[in-house]
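# Fold and contact review
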Amino acid sequence: MNQISSTSHSAATTGAVFMLLASLTFAGTNTLQSVLPTPAEYGGFGMSSTGMAFWQYLIASVLALPLILRIGLNNMRTSHPLAHEIRAFVSALGVHVFVYGYASGVPIWQMVTLLATGPLFIIVGSALFLGERVSAARFVAAMAGFAGAIIVSGVGTEGIGLQALIPIAAAALWAGTDILTKYLTRKGESPETLTISLLVLMTPNHLAILLVANALGGILPLGMAPGFPFALPDGTGLMLLLLLGALTAAAQYVLAFAYKSADATYLQPFGDVKVPLSGLVGWVMLGQVPSVWFWPGAALIVGASAFIFWVESREKTPNLVAA
């Protein structure tokens, strides 16, 4: 019997398109997450970064209420509540670790490029826990994306020292979220259930992390800015916070559709496109000029995405023939 490709050509194309759309949306959220915690004297709004993460997902959950009503609460039932909770907690912790990098003053283009270490975590996790086939093309694309991230970050030239561990830790946590997302889709969970469960569960998880970080004070510096962590910005800052919540809801929904269509290891290089996108947005909107290493590294990342798409789109799904 001929083997049938686990991902058809049309499903792979659909997954790639959704992942590219998610990358564009995440570029927007990354920019807003960089601006809102920045002190006012430097053009930001001085929010507590942990407080920002709490409000971000609370707003996203509220904006998702029409979707909850449309699909019906009966469709929110799941046989895997523990997996959903672990997924939400790991994702929330990744957010707090990531925004701590912004609060520490790491430029957006360095923060996001170092997230491209994620494919290595996803490849290992998908192979070990999901049993996905890691083809040579996927491995080469993942390594190329990782190499591009290292080039862009300037590690070994300009260097950012131990701060480089912040986005790498976030990458590992979010890789765990991605693997759990794929696991739940294999268990029959719909994109609607995946999206709403994450948005609903993220808020209490963010609240728990925020309260623990406050209680521990300087012991756990999870992006804590001085002042009352629940304080909301005024005027433009509030509008940007609302936009951040809306983009968060949209990004998670699109991401769930991507993983419903294709393997996690196949999709990851397309997720790396958010690296050059975030760099360009940070340059245009925030005036954070990337280093000279940004351009060759970004080209390598985009090239890795184009390579994996070209290789796997050539694969034809054969007819099922009895042996």
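For every chain, the first residue of the written sequence is number 1, and numbering continues from 1 onward in sequence order. Residue-level local features of this predicted model are given only where pLDDT is at least 70; pairs of side-chain atoms are given and counted only at 80 or more, and the full residue set underlies all totals for whole chains, interfaces and linings. As a convention, hydrogens and water are excluded, and side-chain values are obtained from all of the structure's heavy atoms.

### Focus: helix H6 (residues 118-130)
Each α-helix winds once per 3.6 residues, and so residues spaced three or four apart point in a common direction. For the record, the criterion: Burial status follows relative accessibility: with a 1.4 Å probe on protein chains alone, a residue under 20% of its type maximum counts as buried, one over 50% as exposed, and anything between as partly exposed. Under the DSSP-based scheme used, a helix requires at least four consecutive residues in state H or I and a strand at least two consecutive residues in state E, with every element numbered from the N terminus.
Among all positions of H6, only Gly118, Pro119, Ile122, Ile123, Gly125, Ser126 and Leu130 are buried. Gly131 lies just past H6 and shows a positive phi near 70°.

### A few points about empty space enclosed by the protein
Once rolled over the atoms, a probe with the size of a water molecule shows which space is left empty. Condition: Both site types are read off a 1 Å grid over the protein atoms alone. A 1.4 Å probe that fits but cannot get out defines a cavity, while an open set with protein on both sides within 12 Å along at least five of seven lines defines a pocket; lining residues have an atom within 4 Å of a point. Grid points are joined across faces, edges and corners, and a volume is the space filled by probe spheres set on the points.
In total, this model carries two cavities of 30 Å³ or more according to the counting rule given. Computed from the structure, the largest cavity encloses a volume of approximately 490 Å³. As for the largest cavity, its lining consists of 28 residues, and the residues nearest its centre are Phe26, Trp174, Asp178, Leu255 and Lys274. Taken together, the elements giving at least two residues each to the lining of the largest cavity come down to helix H1 (9-35), helix H2 (49-63), helix H4 (81-103), H6, helix H8 (165-186), helix H10 (235-261) and helix H11 (264-271).

### Things to note about the packing of aromatic side chains
Going by this rule: Pairing of aromatic rings covers Phe, Tyr and the six-membered ring of Trp, with a centre-to-centre limit of 6.5 Å; geometry is then stacked below 30 degrees between planes, edge-to-face above 60, and tilted otherwise.
For the structure shown, the criterion picks out three aromatic pairs. Considering the side-chain rings of Phe54 and Trp55, the 5.3 Å spacing of their centres and the 70° angle between planes classify their relative orientation as edge-to-face. The same class applies to Phe54 as to Trp55, namely buried.

### Thoughts on the side chain of Thr248
Quick note on the threshold: Contacts described as polar in this section are N or O atom pairs within 3.5 Å, which, within protein, must combine one atom able to donate a hydrogen with one able to accept it, while residues neighboring in sequence count only if both atoms come from side chains. What makes two residues a contact is simply this: any of their non-hydrogen atoms within 4.5 Å.
Position of Thr248 relative to the elements: it lies in helix H10. For Thr248, a relative accessible area of 3% corresponds to the buried category. At a separation of 2.7 Å, a polar atom in the side chain of Thr248 contacts the main-chain carbonyl oxygen of Leu244. Sequence-distant contacts of Thr248, defined by excluding residues within four places in its chain, comprise Thr29, Gln56, Tyr57 and Ala60.

### What to know about the pattern of salt bridges
Our working rule: In what follows, salt bridge is the name for a side-chain nitrogen of Lys or Arg lying within 4 Å of a carboxyl oxygen of Asp or Glu.
This structure, assessed with the given rule, holds one salt bridge. Across the pair Arg186 and Glu132 runs a salt bridge whose closest N-O atoms are separated by 3.5 Å. Of this pair, Arg186 sits in helix H8 while Glu132 sits in the loop between H6 and helix H7 (136-153), and the two are 54 residues apart along the sequence.

### Considering the packing of H4 against H8
This is how it is decided: All axes are obtained by fitting lines to C-alpha atoms, using only the stretch in contact for helices, and the reported angles, taken between N-to-C directions, cover 0 to 180 degrees. These descriptions rest on fixed angle ranges, namely under 35 degrees for roughly parallel, over 145 for roughly antiparallel, 65 to 115 for roughly perpendicular, and the rest for oblique. Two helices that cross are described as forming a left-handed crossing if the nearer one is turned anticlockwise from the farther one by less than a right angle, and a right-handed crossing if clockwise. Classes in brief: Ala, Val, Leu, Ile, Met, Phe, Trp, Tyr, Cys and Pro nonpolar; Asp, Glu, Lys and Arg charged; the others, Gly included, polar.
At a minimum axis distance of 8 Å, the contact between H4 and H8 shows a crossing angle of 155°. With respect to each other, H4 and H8 are oriented roughly antiparallel. With respect to the hand of their crossing, H4 and H8 are arranged in left-handed fashion. Along the lines of polarity and charge, the residues of the contact of H4 with H8 split into 16 nonpolar, six polar and one charged.

### Digging into the confidence of the model for the protein chain
Here is the rule: Scored from 0 to 100, pLDDT records how confident the predictor is in each individual residue.
Averaged over the protein chain, the pLDDT score is 76; the fraction of residues at 70 or greater is 80%. Within the model, pLDDT remains below 50 along residues 1-7, and this stretch shows 17 contacts once partners closer than five positions in the same chain are excluded. Low pLDDT (under 50) marks residues 222-227, which in the prediction has 19 contacts with non-local residues, meaning those over four places away or in another chain.

### Here's the deal with the environment of Thr203
On the secondary structure map, Thr203 appears in helix H9 (residues 191-216). Considered as a pair, Thr203 and Leu58 are 145 residues apart in the sequence and their alpha carbons are 5.5 Å apart. Residues contacting Thr203, with those up to four places away along its chain left out, are Phe54, Tyr57, Leu58 and Ser61.

### Comments concerning the environment of Ala137
With respect to the secondary-structure elements, Ala137 resides in helix H7. Exposure remark for Ala137: the relative accessible area of 15% places this residue in the buried category. Taking the C-alpha atoms as reference, Ala137 lies 9.5 Å from Ala304; in sequence the two are 167 residues apart. Apart from residues no more than four positions distant in its own chain, Ala137 is found in contact with Phe307, Ile308 and Val311.

### A few points about the nonpolar core
This is how it is decided: Definition of nonpolar core: a set of buried residues of the types Ala, Val, Leu, Ile, Met, Phe, Trp, Tyr and Cys, connected through side-chain atoms within 4.5 Å.
Ranked by size, the top nonpolar core spans 24 residues in total, and within it Met52, Met202 and Leu241 carry the most contacts. Those elements giving two or more residues to this core turn out to be H2, H4, H9 and H10. In terms of residue count, H2 provides more of this core than any other element does, seven residues in total. Excluding residues that lie within four positions of it along the chain, Met52 makes contacts with Leu32, Gln33, Leu36, Pro37, Met47, Val99, Leu241 and Leu244.

### Focus: the packing of H2 against H4
Put simply, H2 and H4 touch, their axes get as near as 9 Å, and they point 130° apart. Put simply, H2 runs oblique to H4. Note on packing geometry: the crossing formed by H2 with H4 is right-handed. Residues Ser49, Thr50, Met52, Ala53 and Tyr57 of H2 pack against Val95, His96, Val99 and Ala103 of H4. Class assignment of the residues belonging to the contact of H2 with H4 gives a composition of six nonpolar, three polar and no charged.

### Things to note about a nonpolar patch on the surface
The line we're drawing: Residues qualify for a patch when their relative accessible area is over 30% and they have no salt bridge, like charges being joined within 9 Å and the nonpolar side chains of Val, Leu, Ile, Met, Phe, Trp and Tyr within 5 Å. Every accessible area reported is derived by Shrake-Rupley at a probe size of 1.4 Å, with residue values counting cover from the shown protein chains alone.
Among the surface-exposed residues, Val134, Phe139, Val140, Met143, Phe307 and Trp310 lie close enough to one another that they form a single nonpolar patch of about 530 Å² accessible area. At the level of elements, H7 and helix H13 (294-313) are the ones that each hand at least two residues to the nonpolar patch. Inspection of the secondary structure assignment puts Phe307 in helix H13.

### What about the side chain of Thr193?
Inspection of the secondary structure puts Thr193 in helix H9. The exposure class of Thr193 is buried, given its relative accessible area of 4%. A distance of 3.0 Å separates a polar atom in the side chain of Thr193 from a polar atom in the side chain of Ser190.

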